[in-house]
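# Architecture and fold: a report
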Amino acid sequence: MTRRNSIPAAPDAPHADVELLVPNFVQHGTATPSAVGELAGNAAAATVHQRSSIFSIDIHPDNERVVTGGSDHFVRMWSLHAIVDHAACVSPATPKELFAGKRHDGGVMCVRWASKTGFFLASGAEDGSLVVWQLEKRPCQVSALMSGGAGAKSYPETLSFVRKLPSMESDVIDLAWSHDNRFLASCSLDNTVMIWDGVTFDRVARCQHSSFVKGLAFDPVGTYLVSQSDDGSAILWNTQTWTVESRVTHAFLQGTGGAAVLVRRPSFSPDGSYVACANAVSNGVHVAALLPRGKWTHASRTLHLVGHTAPICVAKFAPVLVQDSITGTPTPVVALGANDRQVSVWALATQPVLVLDAAFDSDVTDLAWSPDARVLLACSREGRVVGVRLPASLDLLGGPAVPDAVLHARLVENGMDPTRAEAIDHSQVAHAPAAPLPAIPIAEHLQAPQRVTTTKDGRKRIQPSLIAKVTAPVLVSDSQSRNASAVALPDLAAGPAARRAPSPPRGRKRARHDDNGEDESDSNDAAAVSSRGRASASARPTTSRPSATAAIVGPAHGIYHHLGPAPHPPALLLPSRYPREHHIESKCGGVRLLLDSGPPVASMQPVIRGSGMPIGRQLVLDSPAVAACISAARAAVITRAGTFIVFDLWLGRVVVHDSVVPLLGADADAEAVKLELVVDANAPYGPVVVVQRPGGGASESERYAYDARVPGFVFVREDGD
């Protein structure tokens, strides 16, 4: 049975031990001249600060500073000591604003410190940009351009720019770090959730909703990521495979996705026992839905927190468990912020323990707890920050905080790997400098001097000569580069035959199972077949065509492969298909792929349709393309030499570099085989290779998808069998 709690009537007087925090100095906006102040001769009143909306707030893990993001495009950092201590607040000697910097071209919708360490700060904005900052406890000077019109300013601390991640297609609404800092997640109004490596900041995965995604939270156990969307669902994603584990719809109004709210920020309890979802509805009443672990989709087990009169925008669990004074049971505490301008605090074992009423004049946009759960801060669209400071005993929440050992035991009980309990300390991670690109030789036939002519009016005209087309090597993370071989670029000075890759070891792999279930090979091929590849191949129907296990090629260097020679026999040349210059349009119409068969060299270049702006660098191919396709996310080609290349439009680089020759077989008639690339959104790397052999119709074609976990091609479907 669903349990309902409700907010009682607000008491006439606040709790004696609760201190209301109203730090009016925390504000975003720009300074404008004041005629009244100038006429009065009051320098302090000569400017007026126009408040801008504050969309996000977060407290640093060291309990000393607060960061906010606002519609003025700025990220600002404040002293928490000045916020909670009245004497420090009014003292002119106490620094209040520790830093202000602008790296976005839109309102900053979310700011989040890295878990436990706070070494990095991530911020996302309306312009789709994602920026990573590094906290440095040293003074800095900010130019007049970066100070919002207030002139050059000095700050006691620094948020130094680290990296700007590839922009998302629309507003970035929320961000979340995993408990161990191994992942950073972002969500956007482009209906996607993007997963980034928490150390290298390379893209790891892309998850999809059917409408705007407005909230994220990582499971402290490390198993799930929850995302909330306007499509009326909350999805729990498996953090190992990034696939849907559970889709929760019963707690939300279907058809319209619930009430229109700016954000839908969910939250996990510190022990992972509950996830609190914002903007839920129960019998027409606005509630927060608390989903118990393992019973995410069970409507009868969902807890509803009832009392707000408008949609709840944000839920935030306190980072500690409190010990109930009556039962002695560790209990989570959650704060809710809503469009009714109220903030409520709930101890789940009892009733609501605190309500901030009439604190704001507009919607609550974000909440933040201090690491010891004594301070709760809220921000709003009107540009104000309000909060409370609780007594050290936390008796208002029901009892003292339980020891860390008890919380750790609860996390392990819920499935946390004890070896991953500690967060990565980014300050201890060595970031090796990028290796210099190898020199590209200039072909002799391209070394002719430039042609210079003079017009009748004396002007000189210089006709440029092509020197070389540069290919972009694959950028690998620090962990991958330690095991990676050198990046090999095509030799532009040599002919096509010289640029062809060396042949692999002779013999074809054909897997068979012995009595013990182990695979044997009927050749001495040195390349090992992974267990995942064997499982995919064994699921195929028996056929006389080449086994799919023969397609498992390439070194296992992780997700990204190097743009070096692909392993294929040098004698194979597939028939030409495209003219010298050709382009392919994506179905979405926003991008196109330009193909050039040469001379002097074959190349591919994705561009934005209309403007013709290139996406990434032009890639030199080992031979002209015979098959190609492009979608909104990836472009792929197969060359005459059988090289298979997938170019990620988001990252602007090659993510797959392999060969399709093992799909055809060593004795294949290259002139008779037809290859095609088709876009498949369900395939992990988008394009699917369609092979049609001599004598077979379109209904008898074979389909292969590339899987980097093998790494290599896996059989998808064989029509007609």
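Think of each chain on its own: its residues are numbered from 1, step by step along the sequence as written. Given that the model is predicted, a residue must reach a pLDDT of at least 70 before its local features are reported, and side-chain atom pairs must reach 80 or more before they are shown or counted; all residues, however, enter totals for whole chains, interfaces and linings. Note that the side-chain values use all heavy atoms of the structure and ignore hydrogens as well as water.

### Quick notes on the overall build of the chain
Cut-off, in case you're wondering: The numbering of helices and of strands both runs from the N terminus, where a helix is a DSSP run of H or I of at least 4 residues and a strand a run of E of at least 2. Whether a residue is buried, partly exposed or exposed follows from its accessible area with a 1.4 Å probe, protein chains only, as a fraction of its type maximum: under 20%, in between, or over 50%, in that order. Contact between two residues is taken to exist if any of their heavy atoms lie within 4.5 Å; hydrogens are not considered. Computed with a 1.4 Å probe, the accessible areas rest on the Shrake-Rupley method; for each residue, only the protein chains presented here act as cover.
Within the chain, the regular secondary structure consists of 8 helices and 49 strands. Buried positions account for 52% of the 721 residues belonging to the chain. Counting contacts in the chain only where the partners sit at least 6 residues apart, residues at least 24 apart contribute 54% of the total. Split by element, the accessible area of the chain, about 31600 Å² in all, is 52% carbon and sulfur.

### Describing the pairing of strand β19 (residues 213-218)
Each regular strand carries side chains that alternate between the two faces of the sheet. Our working definition: Note: two strands are recorded as paired if DSSP finds a minimum of 2 bridges between them.
Within β19, 6 of the 6 residues are buried, which leaves it mostly tucked inside the rest of the structure. Of the strand pairs in this sheet, β19 and strand β20 (residues 224-229) are connected by 5 bridges, and their pairing is antiparallel. When the sheet's bridge partners are listed, V213 is paired in β20 with S229. As consecutive antiparallel partners, β19 and β20 are separated by 5 residues, and within that stretch G222 has a phi angle of approximately 100°, a positive value.

### Overview of the nonpolar core
Within soluble globular proteins, side chains that are nonpolar generally end up buried alongside one another. Here is the rule we go by: Side-chain atoms within 4.5 Å are what join buried Ala, Val, Leu, Ile, Met, Phe, Trp, Tyr and Cys residues into a set we call a nonpolar core.
Residues V333, V343, V345, L367, W369, L376 and L390 are the most contacted members of the largest nonpolar core, which totals 25 residues. Mapped by element, the contributors of at least two residues to this core are β27 (312-323), β28 (330-338), β29 (343-347), β30 (352-356), β31 (364-369), β32 (375-380) and β33 (385-389). At 4 residues, β27 tops the list of elements feeding residues into this core. Ignoring anything within four residues of it in the chain, the contact list for L367 reads I57, V314, K316, A335, L336, G337, V343, L376, L377 and A378. The next biggest cluster of nonpolar side chains, apart from the first, holds 22 residues, and it includes F55, A176, W237 and C313.

### A word on the sheet that holds strand β7 (residues 74-79)
The condition that has to hold: With axes taken as lines fitted to C-alpha atoms, and helix axes fitted only over the stretch in contact, angles between N-to-C directions fall between 0 and 180 degrees.
Strand order in this open sheet of 4 strands is β5-β6-β7-β8, and the pairing throughout is antiparallel. Sheet topology places β5 (54-59) and β8 (97-102) at the edges, where each strand pairs with a single neighbour. When strand polarity is set aside, the average angle formed by the axes of neighbouring strands in this sheet is 15°.

### Considerations on the packing of aromatic side chains
Our working definition: Within 6.5 Å between ring centres, the rings of Phe, Tyr and Trp (the latter by its six-membered ring) count as paired, and their orientation is classed by plane angle as stacked under 30 degrees, edge-to-face over 60, tilted in between. Counted as over-ring charges are cases with an Arg CZ or a Lys NZ within 6 Å of the ring centre that also lie within 35 degrees of the ring normal.
Scanning the entire structure with this criterion turns up 9 aromatic pairs. Judged by centre distance (6.4 Å) and plane angle (70°), the rings of F99 and W133 are edge-to-face. Of this pair, F99 sits in strand β8 while W133 is found in strand β11 (residues 130-136), placing the two residues 34 residues apart along the sequence. The pair formed by F99 and W133 is uniform in burial state, with each residue classed as buried. Relative to W242, the ring of F183 lies with its centre 5.2 Å away and its plane at 90°, an arrangement referred to as edge-to-face. Remark: W242 occurs in the loop between β21 (233-238) and β22 (244-248) and F183 occurs in strand β16 (residues 183-188); sequence separation between them is 59 residues. Of the two residues, F183 and W242, neither departs from the other in class, the shared state being buried. Among the aromatic residues, those joined into a ring-pair cluster are F119, F120, W177 and F201. Just above the ring of F74 sits the side chain of R76; from NZ or CZ to the centre is 4.6 Å.

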